[in-house]
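Okay, here's what each chain looks like letter by letter:
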Amino acid sequence: MQRKKSRFWSFIWSLMPGAGEMYLGFMKMGLSLMLGFMGLIILVALTNIGALSVLPITMWFYSFFHANNLAALDDQTFMMMKDQYLFGMDSVSDLEQLKARMNGKTKKIAAAVLIVIGVVMLWQTVFSLLCEIFGWDNYYLSSVYYFMRDDLPRILIGIAVIWWGIVLIRGKKADFDAGERRLPGDQMDSGNFDNMN
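Residues numbered from 1 in each chain as written. Predicted model: local features only at pLDDT ≥ 70, side-chain atom pairs only at ≥ 80, totals over all residues. Heavy atoms only, no water.

Q: Break down the nonpolar core for me, citing the residues and quoting the values.
A: Among the nonpolar cores identified, the biggest contains 11 residues, and these are Leu24, Phe26, Met29, Leu33, Phe37, Leu40, Met59, Leu70, Ala71, Phe78 and Leu86. Broken down by secondary-structure element, the contributors of at least two residues to this core are helix H3 (27-47) and helix H4 (54-72). Residue contributions to this core peak at four residues, all from H3. (Core = buried A, V, L, I, M, F, W, Y, C linked by side-chain atoms within 4.5 Å. Buried < 20%, exposed > 50% of the residue type's maximum accessible area, 1.4 Å probe, protein only. Helix = DSSP H or I, 4+ residues; strand = E, 2+ residues; numbered from the N terminus.)

Spelled out as structure tokens, the structure:
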């Protein structure tokens, strides 16, 4: 059972992801937020993909507001709060449920994301090696690099957005077509019609 603490110190500690929760006595919550935040920073540092920096920033904001919302709870609600790991990692059964929820489509999306991250990491490593060999002033090498760094991600994101839009349109069209095929008059057979009379 946790005991409420100073709102001022809760605010100060909430500036570090997970520390605010730990100060309030929610060690599992704080640990999961702190490890998640640091793991995302490591991911950004290892991959050197600037766009991924939105993930730790989002985690920071989540942790900040989470800790301050916990500190603002009334005493009765605060005492009822359970300390548990966040993101469904509280027990082995939660992990098994998470695995069960990973259907074929989700696995394919996760695999595609991992492949893209791996390719970008390999590209940056290979490009650094090529720069060491040929130098930065090589025109073709620098133009390929800037295309891969600036233009190719925009192209890939544009293609992904268009593809997702087409998938959504097809899904809506399929739902609409299925609705047209099931007209109210078609659902009643002649036996049911006779019974109504």
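Q: I'd love a proper account of the packing of aromatic side chains, names of residues and values included.
A: For the structure on display, the rule yields seven aromatic pairs. The interplanar angle of 80° and the centroid separation of 5.5 Å between the aromatic rings of Phe26 and Phe78 together place this pair among those described as edge-to-face. With Phe26 in the loop between helix H2 (19-23) and H3 and Phe78 in helix H5 (residues 75-80), this pair connects stretches of sequence that are 52 residues apart. The same class applies to Phe26 and to Phe78, which are both buried. (Phe/Tyr/Trp six-rings, centres within 6.5 Å; stacked < 30°, edge-to-face > 60°.)

Q: Can you break down the side chain of Ser14 residue by residue, with the values?
A: Tracing the backbone through its elements, the reader meets Ser14 in helix H1 (residues 7-14). By relative accessible area, which is 1% here, Ser14 ends up buried. A distance of 3.1 Å separates polar atoms of two side chains, one belonging to Ser14 and the other to Asn68. The contact partners of Ser14, leaving out residues within four places of it in the chain, are Gly20, Phe64, Ala67 and Asn68. (Polar contact = N/O pair within 3.5 Å; in protein donor to acceptor, adjacent residues only side chain to side chain. Contact = heavy atoms within 4.5 Å.)

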